[in-house]
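Here's the letter readout for the chains.
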Amino acid sequence: MDKNLLNNEDGFSYQEDLDLIVEVARHAGNLAMPYFHGDKQLDVQMKVGDSPVSAADYAVNAYLEEHLMAARPDYGWLSEETLDSDKSVRLAAKRTFIVDPIDGTRGFINGSKVWCVSVGIVEDGRPVAGVLVCPACDEIYTAVLGDGAKLNGEIIKIDAELPSQDSLIIGGARVFLDAMDIRTTAFYKRHPHVPSLAYRIAMVAAGKMAGTYIKPNAHDWDIAAADLILHEAGGVLLDAKGERFVLNQLSPKKPVMVACHPELLKTMLGIVVETPFS
């Protein structure tokens, strides 16, 4: 076993955690499907910041919290749909679940298949295990620290060489794509809007996009699992300074970020630095 998969302090295998979150997230994804197909009422409400939430989000969140915390009662918990009232508990925990019950709720509500149940486990500010269960797409992305990333059990790895210009696809915030049109001579294709940020990052890991711009105020639960999947596949997810961020801090909000093939990093960071976002 790779030494990165084993925490020598307590003899714990990160693979055991991955197995747990994959199993629970799969059941949670199945729980969401009747809402997606219209067999159960969505009961959509708007949260502060004009963000929608549905009965499916709450049902999936309750299932994940019940089963994950029962299996790992000493872990912290951070979820988009759970009130983060006592931050001291998760900040003091050795490991913390960071969860988005349904990443891509707007798409879910509108019938788009591109949504996922996102569960990551973070230790010392870095993800060590992560899963994205995408039941409507019949896809499961997984990663464990030091053991690579997989899609439906098959290893995914970003090619060492950047795709040729005629197949270079980039997505994300329009303001940065518009700036890229003006400030570079690189030819690329814009990817249509993807409602789930976690899934969009996973697309970069799987080579379906070469990169994506991420506007400010994404949250830990949007990226905890996808961050690990992308890095284990050989990609990068960094802030505008070219630095990797720390998860499970007092505030879960994140700044502007780029997720991309390593060879695109310099170009995309240059666009971000030169383009104000309001």
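Scroll up to find the structure.
Residues numbered from 1 in each chain as written. Predicted model: local features only at pLDDT ≥ 70, side-chain atom pairs only at ≥ 80, totals over all residues. Heavy atoms only, no water.

(A) Structural detail: helix α2 (residues 55-71). Counted at 1.5 Å a residue, the expected span for α2 with its 17 residues is 24 Å, and the 24 Å between its end C-alpha atoms agrees. Along α2, the positions that sit buried rather than exposed are Ala56, Asp57, Val60, Asn61, Leu64 and Leu68. Within α2, the buried residues cover an arc of 120 degrees as seen down the axis, which keeps them to one side. Exposed positions of α2 whose direction lies more than 90 degrees from the buried face are Glu66 and Ala70. Contacts made by the buried residues of α2 are with α1 (14-36), β4 (51-53), β5 (76-79), β6 (95-103), α4 (105-109) and β7 (116-123). (Helix = DSSP H or I, 4+ residues; strand = E, 2+ residues; numbered from the N terminus. Expected span 1.5 Å × (residues − 1). Buried < 20%, exposed > 50% of the residue type's maximum accessible area, 1.4 Å probe, protein only. Arc of directions from axis to C-beta. Contact = heavy atoms within 4.5 Å.)

(B) Representation of the nonpolar core. In this structure, Leu132, Tyr141, Ile201 and Leu237 are the most contacted members of the largest nonpolar core, which totals 38 residues. Ranked by size, the runner-up nonpolar core spans 35 residues in total, among them Ile21, Ala28, Tyr35 and Val99. (Core = buried A, V, L, I, M, F, W, Y, C linked by side-chain atoms within 4.5 Å.)

(C) Spotlight on the pairing of strand β14 (residues 211-214). In β14, alternate side chains face the same way, and those of Gly211 and Tyr213 on one face and Thr212 and Ile214 on the other are all buried. With 3 bridges joining them, strand β12 (residues 169-172) and β14 adopt parallel strand pairing. Considered in β14, the bridge of Gly172 is made with Tyr213. Across 4 bridges, the pairing between β14 and strand β18 (residues 257-260) is antiparallel. (Pairing = 2+ DSSP bridges.)

(D) Inspection of the packing of aromatic side chains at higher detail. This model, assessed by the stated rule, comprises 8 aromatic pairs. An angle of 45 degrees between the planes, with centres 5.5 Å apart, marks the rings of Phe36 and Phe108 as tilted. You can see Phe36 sitting in helix α1 and its partner Phe108 sitting in helix α4, a full 72 residues away along the chain. Per residue, the accessibility class of Phe36 equals that of Phe108, and both read buried. For the ring pair Phe108 and Trp115, a centre distance of 4.8 Å and an interplane angle of 85 degrees mean the geometry is edge-to-face. When its relative accessible area of 1% is taken as the criterion, Phe108 is described as buried. Grouping aromatic residues by their ring pairs yields a cluster made of Phe36, Phe108 and Trp115. (Phe/Tyr/Trp six-rings, centres within 6.5 Å; stacked < 30°, edge-to-face > 60°.)

(E) Spotlight on the packing of helix α6 (residues 197-205) against helix α7 (residues 220-232). The N-to-C vectors of α6 and α7 enclose an angle of 5 degrees; their axes lie 9 Å apart at closest approach. Taken together, the axes of α6 and α7 are roughly parallel relative to one another. Residues Leu197, Ala198, Ile201, Val204 and Ala205 of α6 form the contact with α7, whose own contacting residues are Asp222, Ile223, Ala226, Ile229 and Leu230. Of the residues in the contact of α6 with α7, the class split is 9 nonpolar, no polar and 1 charged. (Axes fitted to C-alpha atoms, helices over the stretch in contact; angles between N-to-C directions. Parallel < 35°, antiparallel > 145°, perpendicular 65-115°, else oblique. Nonpolar A, V, L, I, M, F, W, Y, C, P; charged D, E, K, R; others polar.)

(F) Spotlight on the sheet that holds β5. As summarised here, the arrangement of the 7 strands in space is β5-β6-β7-β8-β9-β10-β11, forming an open sheet in which the pairing is mixed. This sheet does not close on itself; its edge strands, each paired only once, are β5 and β11 (154-156). Each strand axis lies, on average, 20 degrees off the axis of its neighbour in the sheet, ignoring direction. Along the sheet face, α6 touches β6, β7, β8 (126-134), β9 (139-144) and β11 and points at about 100 degrees away from the line of β8. Against the sheet, α7 contacts β5, β6, β7, β8, β9, β10 (149-151) and β11, and its axis sits at roughly 100 degrees relative to β8.

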